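Here is how the chains run, residue by residue.
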Amino acid sequence: MKDKREIGFNSEDKVALFLMRRGFTLVAKNYSVHNVGELDLVMRKGDCLYVVEVKSRLESDWQSPSEAIDYGKRKRILKTTQIFIQSKGYFDKDVIFLAGCVTHNLEGIVQKIEIIPFE
């Protein structure tokens, strides 16, 4: 089995590519604010920014990837998004939060990608 960190980065790349093939543009990847949080992917399509939290799980796990985005994680994502918008000047854009849910096999090969909204 591959290293968890390697699987995570691979999952982020796969989700970014998945969305770019659907007309999204990558704005930022792994945008980090010290002591606040990190945004895995920030994508843009039309007049909207999409903040995508990527979660991957083994296909045999009982927990879905989206269940890992708990209240505390959502709060950190929101605060980091506010800072991102202020620092990059995206005040005129609507923001939509998405979970990029990736399931993979024991070798770390992506089996399924699902994009779902979260609040």
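Higher on the page you've got the structure.
Figured I'd write up the structure that's included with this text. (Residues numbered from 1 in each chain as written. Predicted model: local features only at pLDDT ≥ 70, side-chain atom pairs only at ≥ 80, totals over all residues. Heavy atoms only, no water.)

## Topic: the overall build of the protein chain
A tally of helices and strands in the protein chain yields two helices and five strands. Of the regular secondary structure in the protein chain, the N- to C-terminal order runs α-β-β-β-α-β-β. Relative to its length of 119 residues, the protein chain is compact, with a C-alpha radius of gyration of 14 Å against a globular reference of 14 Å. In terms of overall dimensions, the protein chain has a C-alpha envelope of 40 × 30 × 20 Å along the principal axes. Across the 119 residues in the protein chain, those meeting the buried criterion constitute 41%. Of the contacts formed within the protein chain by residues at least 6 apart in sequence, a portion of 52% connects residues at least 24 apart. Carbon and sulfur atoms make up 49% of the accessible area of the protein chain, which amounts to about 7100 Å² in all. Where the 19 positive side-chain charges of the protein chain centre and where its 17 negative ones centre are 3 Å apart. (Helix = DSSP H or I, 4+ residues; strand = E, 2+ residues; numbered from the N terminus. Rg over C-alpha atoms; globule rule 2.2 N^0.38 Å. Buried < 20%, exposed > 50% of the residue type's maximum accessible area, 1.4 Å probe, protein only. Contact = heavy atoms within 4.5 Å. Areas by Shrake-Rupley, 256 points an atom, 1.4 Å probe, with all protein chains shown as cover. Lys, Arg positive; Asp, Glu negative; His and termini not counted. Charge placed at Lys NZ, Arg CZ, Asp CG, Glu CD.)

## Digging into the packing of aromatic side chains
Taken as a whole and assessed by the stated rule, the structure comprises four aromatic pairs. An angle of 75° between the planes, with centres 4.9 Å apart, marks the rings of Phe24 and Tyr50 as edge-to-face. One end of the pair, Phe24, is in the loop between α1 (4–20) and β1 (25–33); the other, Tyr50, is in strand β3 (residues 48–58), and 26 residues separate them in sequence. The residues Phe24 and Tyr50 share a single accessibility class, namely buried. Arranged with centres 6.0 Å apart and planes meeting at 50°, the rings of Phe97 and Phe118 form a pair that is tilted. Pair noted here: Phe97 is in strand β4 (residues 94–104) and Phe118 is in the segment after β5 (110–117), with a separation of 21 residues, a long-range link. Across the pair, exposure class does not vary: Phe97 and Phe118 are buried alike. Among the aromatic side chains, those forming a connected cluster through ring pairs are Tyr31, Phe84 and Tyr90. (Phe/Tyr/Trp six-rings, centres within 6.5 Å; stacked < 30°, edge-to-face > 60°.)

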